[in-house]
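Fold and contact review
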Amino acid sequence: MKGSEAQLLRFMDGVNNRYVIPVYQRKYDWKIDNCRQLYEDLKKIVIDGRNSHFFGSIVSQVVPDGSNIEFHIIDGQQRLTTVTLLLLAICNLIRKGSIESEIDRLDEQIMYRFIIAQWAKDDDRIKLRPVKSDRGAFEKLIAGDPEEYELASNMTINYRFFCDQLLKEEIPVDSLYEAIGKLQIISITLDGDDNAQLIFESLNSTGLALTEGDKIRNYILMGLKPKEQNEYFNKYWMKIEDCTGNDVSSFVRDYLSIKQQITPTIHNVYHSFKNYVESEKIPVNSLLEDMVKYARIYIRLMTGKSGLYSQKLDDCMYRLHRLEITVTEPFFMEILRLNQDGQKLSVDDVTQIFLITENYLFRRNICDVPTNALNKVFLNLNREVIRYDNTTNDYVDKFIYTLLSKKESGRFPDDEEFSQALEIKSVYQMRGKYKAYLFERFENYGTLETKDVYTLLDNGTYSIEHIMPQHLTPAWIESLGPEVEEIHAKWLHRLGNLTLTAYNSNMSNATFEEKRDAERGYKKSGLRMNQLIATKEHWGPDEIQERSNEMVEIATNKIWPMPASTFIPKEKEFDSCSLDDEDFDLKGRDIVKYRYQNLETPVSSWADMFEHVVKYLHSKDKSVLSSLAYSTSNFIELSSYFTSDPNNLRQPLKIDEDLYVEKNTSTSMKISILRRLFVQFHADPMDLIFYLRDAKQDRIADNNRFNLRKRYWTYALPLIQEANTRSFRNCHPNTTNTICGSFGISGFCINCVANYDEARVDFYLSKSNADENKTAFDYLKEHKDEIEDAVGSTLVWNRADEYKTSWISHSLKNVSITNEADWPRMTKFQAEWSKKYLDIILPILEEWYGDNDLDNAAKEKIAYYARQWSKKKTEDGIIQVDLDHSSRTCTRFKTKEMSEMLPDTEELSGWKTYNHYFFEITNKTGHSVYIIMCLNSTNLNTEQKALYDRIINDSSKTLTEGWIWKTLFRSATFELNDALTEKDIFDKLDLALEDVLNKQKEFLEKINLSGNLLHQINQ
């Protein structure tokens, strides 16, 4: 085995060299973060003028192969492959003319020195030979046809990342190439006698590796001159090591949590620290002075000695240290700093904060509240408290208010929850540290005559004894009576039957009288816990219950009391929950903003949030979504929502080049997708926090908004229809912000929009096929000057490549639907501009499009006659039509029988109606009709939802979890004649109605509703 220093490019050079990744190696799996780190290092080489940069080692075994020399890469394939991809990106972009180099034929130099052997046979030209699963993707990158790239491959993802970085031209490509030439490696070459497998195991063995703290020390000190290294080590670093007990890694993790409000994993502390220092550009001496300051606070937490001359505080700190809860450390370090920096918090303030935190943690433990939320609670707690008024004034009151405001997994259990949980808790089976803590508190609370319970438990002097023993003797069985088994099972491990003693072995299974009256029994015990026990004549369920009640009352009101706050924030706080809070009901809730990676982002909707988060996750690791989009397996649950072809989705949202996600999903489905994505990205769902408007205010706002819109369209629509008899004749006032007018080309329409800050008219291209929409848009865009000259104004042209739809729009600013004085101007604007669109844009589109959309005209005709037929049937008392909630392809009505079974509710359905069912005359083809009966579950309460679920089950339909829409039954489909006469349409609708009413009758008989159930439903 030989080892030597070498330049990486010299190692990669050589026309006869081949670099083979053995089959036992894992596939190429460097992520974008790894590539970004390499690229940043290369930029620093250029900017700092460095002569070299150590890039690690490459271990290879030389295997002669005819005229070639094969280097089988034992270790270092990720680095070698990544640099090859970067070189290939430089080469291809120079060839395309996307970037320029002043080095003569640099692209050819790279290609023929490092990528391929120019004169070799076709199957032997590529110098790097990845494992089989990567080889195809690599070969296609070299071929250079983007249409053929394997977009789900890490090879392709990282190659495209390098292309993106190069196109930014932050540094000249020639300088970057020179920087690659300065990458130094240790090349270790194995001889023929060397055992490659043993060496591979040795390289990857679990030897004594550098800790994160060691790496940080080296990073800081090795960048200094030798004299400064000694000075800084003695002045700063030794103090940091002394204060942290040489566990610098854990300390720096807490330090970064304070500084960045993000807690790195313990294995990533060094890289996080390095990124923090370099991004903040902190001078070394300032950095170390600050670290020493916090290290001196850190040691106070570790030792339980506050240095503030408060025994009460020190005792609390010691107890918390015994519980080994580390998530509080960054918060407590800030609390002690606030006391230290100008007495912003008094000693009493600090003491109260520690004691209340102790209560919070123990109550949660007793109530079995999941601990995964605690890191996020304490990480941001200090900033949450201060941001109410940007001061530390009334800090304790604000601190209590903040903790009490936490919900779900972050909650502070109240007295009822805590006392009920403590009463039935199997205390004896709790973890040892919490069990010791509980009995120490019961013995020592409220007295100066404390006993060292912890030490006496640690050394075995004290033990926790069952008063009623674990193994019942005949005497105990007789004493407890005929219900002995039930009593023993219920009370054995509970608080009321447990106590402290130093004589457990002596007491063993003795009778209660013997335990009480023995020489070292309860009557002569020096422990306060045993005083009540000593007064009892008998020990059974009544006595255990009495003692339990007393101890729970003491615990709830004296030892761990619930704090109270008089603080009221000036602005109402938003409700919040995390992605991990599965029990939080988001139904009907509006999102205001979200926080992820400590960055708050305001959003307008759940869809807006979904788009932001998915794009951010993708930017961190492009392999995950690409794999989903190009997956051909039906077993990958998420793959149906991601695709490379936008036509596969109802409403595609563009995430990246050739990568789309379905946007047309419910809020609950968006949340479900994100939860599953976070698993794929190895991200913590607790990091994603949603801030929500008040639920009651949301409902009031919704009702007000819906009523306002209905009133506006009742006013405006007749005037718009008067100006545009062709386009809006079948429209009716509705509760949305948009009225849609069609004009004879399926999928295209004119939208009049009334918002809180503008009125707008859109020429909307929304066919199901995105290519058709984009082609039509491009055709109209060719006539842009002609159109804008004719309408007399500049229009907004939005091709919207990330969506399936495209549109042209014009808006009237400084008006609002909320101001009725603006309604005449808004209506006039919408009437005039919708007519301009019809008179000027539509003829251009029709000239190109031709009269090739006959089905649309047929749908308009059928919709018109369906409404006339529905009005007649309503007059006859057979149905009740709802034209306000009908559309061109769907006329909705109700029946008396179904309305009796499914009456209106107090909350709006997905149709924005108070009824949660409809019959729908469906007209999707332009040559046939049928009628369906469907249900909607939006905003049903728990009881109503259960009844609807039962109806679905009783009707033999499949009940799917989280259903929103469900068709219960439908009529047959009736074909219409080509003439589409009124008589034929009326006749076929009569047949469809007869059929669907028969289905309704069969349905009601099938579910066989009892009068009692019917009564329940009508409640």
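All of the points below concern the structure found in this document. Residue positions are given per chain, counting from 1 as you read along its sequence in written order. Totals for whole chains, interfaces and linings use all residues, but because this is a predicted model, local features are given only for residues with pLDDT of at least 70 and pairs of side-chain atoms are given and counted only at 80 or more. Excluded from the side-chain calculations are hydrogens and water; all other atoms, namely the structure's heavy atoms, are used.

1. So, the overall build of the protein chain
Secondary structure is summarised from DSSP: a helix means a run of H or I of at least four residues, a strand means a run of E of at least two, and numbering begins at the N terminus for each. Tallying secondary structure elements over the protein chain gives 39 helices and 26 strands in all. Exposure classes here rest on a 1.4 Å probe applied to the protein chains alone. A residue is buried below 20% of its type maximum, exposed above 50%, and partly exposed in between. Residues classed as buried in the protein chain amount to 50% of the 1019 residues present. Any two residues whose heavy atoms approach within 4.5 Å are treated as being in contact. Taking contacts inside the protein chain between residues at least 6 apart in sequence as the whole, the part at least 24 apart equals 67%. Per element, the accessible surface of the protein chain, about 49000 Å² overall, is 47% carbon and sulfur. His is not counted, nor are the chain ends, whereas Lys and Arg count as positive and Asp and Glu as negative. To locate a charge, the coordinates of NZ of Lys, CZ of Arg, CG of Asp or CD of Glu are taken. Here the protein chain contributes 128 positive and 157 negative side-chain charges, whose respective centroids are spaced 1 Å apart. Surface accessibility in these figures is a Shrake-Rupley result with a 1.4 Å probe; residues are shielded only by whichever protein chains are displayed.

2. What about the packing of helix H15 (residues 329-340) against helix H17 (residues 374-386)?
In contact at an axis separation of 8 Å, H15 and H17 are set at 25 degrees when each is read in the N-to-C sense. What the angle tells us is that H15 and H17 run roughly parallel. Contacts from Phe331, Glu334 and Leu338 in H15 reach Phe378, Leu381 and Asn382 in H17. Looking at the contact of H15 with H17 residue by residue, the class counts come to four nonpolar, one polar and one charged. Angles run from 0 to 180 degrees between N-to-C directions of axes, and those axes are lines fitted to C-alpha atoms, restricted for helices to the stretch in contact. For classification, angles of less than 35 degrees are called roughly parallel, those exceeding 145 degrees roughly antiparallel, those between 65 and 115 degrees roughly perpendicular, and all remaining angles oblique. Classification convention: Asp, Glu, Lys, Arg as charged; Ala, Val, Leu, Ile, Met, Phe, Trp, Tyr, Cys, Pro as nonpolar; all other residues, Gly among them, as polar.

3. Looking at helix H11 (residues 248-260)
To estimate the expected span of a helix, count its residues, drop one, and scale the result by 1.5 Å. Relative to the 18 Å expected for 13 residues at 1.5 Å per residue, H11 spans 18 Å between its end C-alpha atoms, a close match to the ideal helical length. If you follow the buried residues of H11, they end up packed against helix H9 (212-221), helix H10 (226-243), helix H12 (269-280), helix H13 (284-303), H15 and H17. Where H11 ends, the next residue or the one after it, Gln261, has phi of about 60 degrees, a positive value.

4. A few points about the sheet that holds strand E10 (residues 591-596)
In a beta sheet, neighbouring strands pair by backbone hydrogen bonds and run either parallel or antiparallel. Taken in spatial order, the four strands of this open sheet run E9-E15-E10-E11, and their pairing is antiparallel. Either end of the sheet is taken by a strand with one partner, and the two such strands are strand E9 (575-578) and strand E11 (599-602). Here the average twist between neighbouring strands, direction ignored, is 20 degrees. Examined bridge by bridge, E10 and strand E15 (residues 689-692) share four bridges and lie antiparallel to one another. Counterpart to Lys593 in the pairing with E15 is Tyr691. The strands touched by helix H28 (residues 606-620) within the sheet are E10, E11 and E15, with E10 carrying the most contacts at an inclination of about 15 degrees. Should DSSP find at least two bridges between two strands, the strands are taken to pair.

5. Observations regarding the packing of aromatic side chains
In this analysis, rings of Phe, Tyr and Trp, with Trp reduced to its six-membered ring, are considered paired at centre separations within 6.5 Å, and the interplanar angle assigns stacked below 30 degrees, edge-to-face beyond 60, and tilted for intermediate values. All told, the structure shown has 45 aromatic pairs when counted by the stated rule. Relative to Phe567, the ring of Tyr401 has its centre 5.4 Å away and its plane inclined at 80 degrees; by these criteria the two rings are edge-to-face. You can see Tyr401 sitting in helix H18 (residues 395-404) and its partner Phe567 sitting in the loop between helix H27 (541-559) and E9, a full 166 residues away along the chain. For Phe567, a relative accessible area of 18% puts it in the buried group. Note that Arg494 overlies the ring of Trp491, its terminal NZ or CZ placed 5.2 Å from the centroid. Counted as over-ring charges are cases with an Arg CZ or a Lys NZ within 6 Å of the ring centre that also lie within 35 degrees of the ring normal. Stacked on the ring of Tyr930, the Lys or Arg Arg970 has its end atom at 3.9 Å from the ring centre.

6. Side note on the environment of Ser426
Positionally, Ser426 belongs in the loop between helix H19 (415-424) and helix H20 (432-444). For Ser426, a relative accessible area of 32% translates into the label partly exposed. Measuring from C-alpha to C-alpha, the distance between Ser426 and Glu788 comes to 78 Å, with 362 residues separating the pair along the chain.

7. A closer look at the nonpolar core
Remark: nonpolar core denotes a set of buried residues (Ala, Val, Leu, Ile, Met, Phe, Trp, Tyr, Cys) joined through side-chain atoms within 4.5 Å. Counting residues in hydrophobic clusters, the biggest one holds 92 residues, and the most contacted among them are Phe251, Met291, Phe354, Phe399, Leu438 and Phe442. Top contributing element to this core by residue count: H13, with nine residues. With residues near it in sequence (within four places) discarded, Phe251 still touches Ile240, Thr244, Met291, Tyr294, Ala295, Tyr298 and Met333. Counting 60 residues, the second largest nonpolar core, distinct from the first, contains Ala6, Leu80, Leu106 and Met111.

8. Focus on the pairing of strand E14 (residues 659-662)
Here E14 shows two buried faces, one formed by Leu659 and Val661 and the other by Tyr660 and Glu662. Bridge count between strand E12 (residues 642-643) and E14: two bridges; the pairing is antiparallel. Note that in E14 the partner of Thr643 across the bridge is Tyr660. In the sheet, strand E13 (residues 652-656) pairs with E14 via four bridges, with the strands oriented antiparallel. Residue pairing in the sheet places Pro652 in a bridge with Glu662 of E14. Here E13 folds back onto E14, and the loop between the two strands holds two residues, one of which, Asp658, carries a positive phi near 60 degrees.

9. Considering the side chain of His885
Counting through the fold element by element, His885 comes out in the loop between strand E21 (880-881) and strand E22 (890-894). For His885, a relative accessible area of 18% translates into the label buried. As used in this structure description, the phrase polar contact means that two N or O atoms lie within 3.5 Å; if the pair is within protein, one of them must be able to donate a hydrogen and the other to accept it, and residues adjacent in sequence are counted only when both atoms belong to side chains. Within the structure, His885 has its side chain in polar contact with the side chain of Asp882 (distance 3.1 Å). Other than its neighbours up to four places away in sequence, His885 contacts Arg892, Trp911, Lys912 and Thr913.

10. Structural notes on the environment of Asp397
With respect to the helices and strands, the residue Asp397 is situated in helix H18. Residue classification places Asp397 among the partly exposed positions, given a relative accessible area of 21%. Residues Asp397 and Glu546, 149 residues apart in the sequence, show an inter-C-alpha distance of 36 Å. For Asp397, the residues in contact, after removing those within four places along its chain, are Ala564, Ser565, Thr566 and Phe567.

11. Describing the packing of H13 against H15
Two numbers describe how H13 lies on H15: the axes approach to 10 Å, and their chain directions differ by 115 degrees. Overall, the two elements H13 and H15 adopt an arrangement that is roughly perpendicular. Like other packed secondary-structure pairs, H13 and H15 cross with a definite hand, here right-handed. Listed contacts from H15 to Lys293, Tyr294, Ile297, Tyr298, Arg300, Leu301 and Met302 of H13 are Glu329, Phe332, Met333, Glu334, Leu336, Arg337 and Gln340. Each residue belonging to the contact of H13 with H15 can be placed in one class, and the counts come to eight nonpolar, one polar and five charged. In this scheme the handedness of a crossing depends on how the near helix is turned from the far one: anticlockwise by less than a right angle means left-handed, clockwise means right-handed.

12. Digging into the sheet that holds strand E6 (residues 183-190)
Spatially, six strands are ordered E1-E6-E3-E4-E2-E5 in an open sheet, and the strand pairing comes out mixed. This sheet does not close on itself; its edge strands, each paired only once, are strand E1 (2-7) and strand E5 (128-129). Relative to E5, strand E2 (residues 17-20) runs parallel, the two sharing two bridges. Bridged to Tyr19 within E5 is Leu128.

13. Focus on the pattern of salt bridges
Salt bridge, as applied in this entry: a Lys or Arg side-chain nitrogen positioned within 4 Å of an Asp or Glu carboxyl oxygen. Overall, the coordinates contain 57 salt bridges when judged by the stated rule. Across the pair Arg760 and Glu758 runs a salt bridge, and its minimum N-O distance is 2.9 Å. Taken together, the shared-partner salt bridges connect Arg18, Glu70, Asp124 and Arg129 into one network.

14. Overview of unusual backbone geometry
Generally, phi is negative for residues other than glycine and the peptide bonds are trans, each holding for most cases. Its identity is not glycine, yet Glu169 carries a phi of approximately 50 degrees, on the positive side. If you trace the backbone, Glu169 turns up in the loop between helix H6 (154-168) and helix H7 (173-181). Phi is positive for Ala800, which is not a glycine, with a value near 50 degrees. Secondary-structure assignment places Ala800 in the loop between strand E19 (796-798) and strand E20 (806-813). On the basis of relative accessible area, Ala800 is assigned to the buried category, the value being 6%.

15. Section: the pairing of E15
Residues Ile689 and Tyr691 point to one face of E15 and Phe690 and Leu692 to the other, with burial holding for every one of them. Here E9 runs beside E15; their pairing, made up of four bridges, is antiparallel. Pairing of Ser578 across the sheet is with Ile689, part of E15.

16. Some remarks on helix H3 (residues 77-96)
For H3, which comprises 20 residues, the first-to-last C-alpha distance of 28 Å matches the rise-based estimate of 28 Å (1.5 Å per residue) to within 8%. By the criterion of burial, H3 is predominantly enclosed, with 17 of the 20 residues buried.

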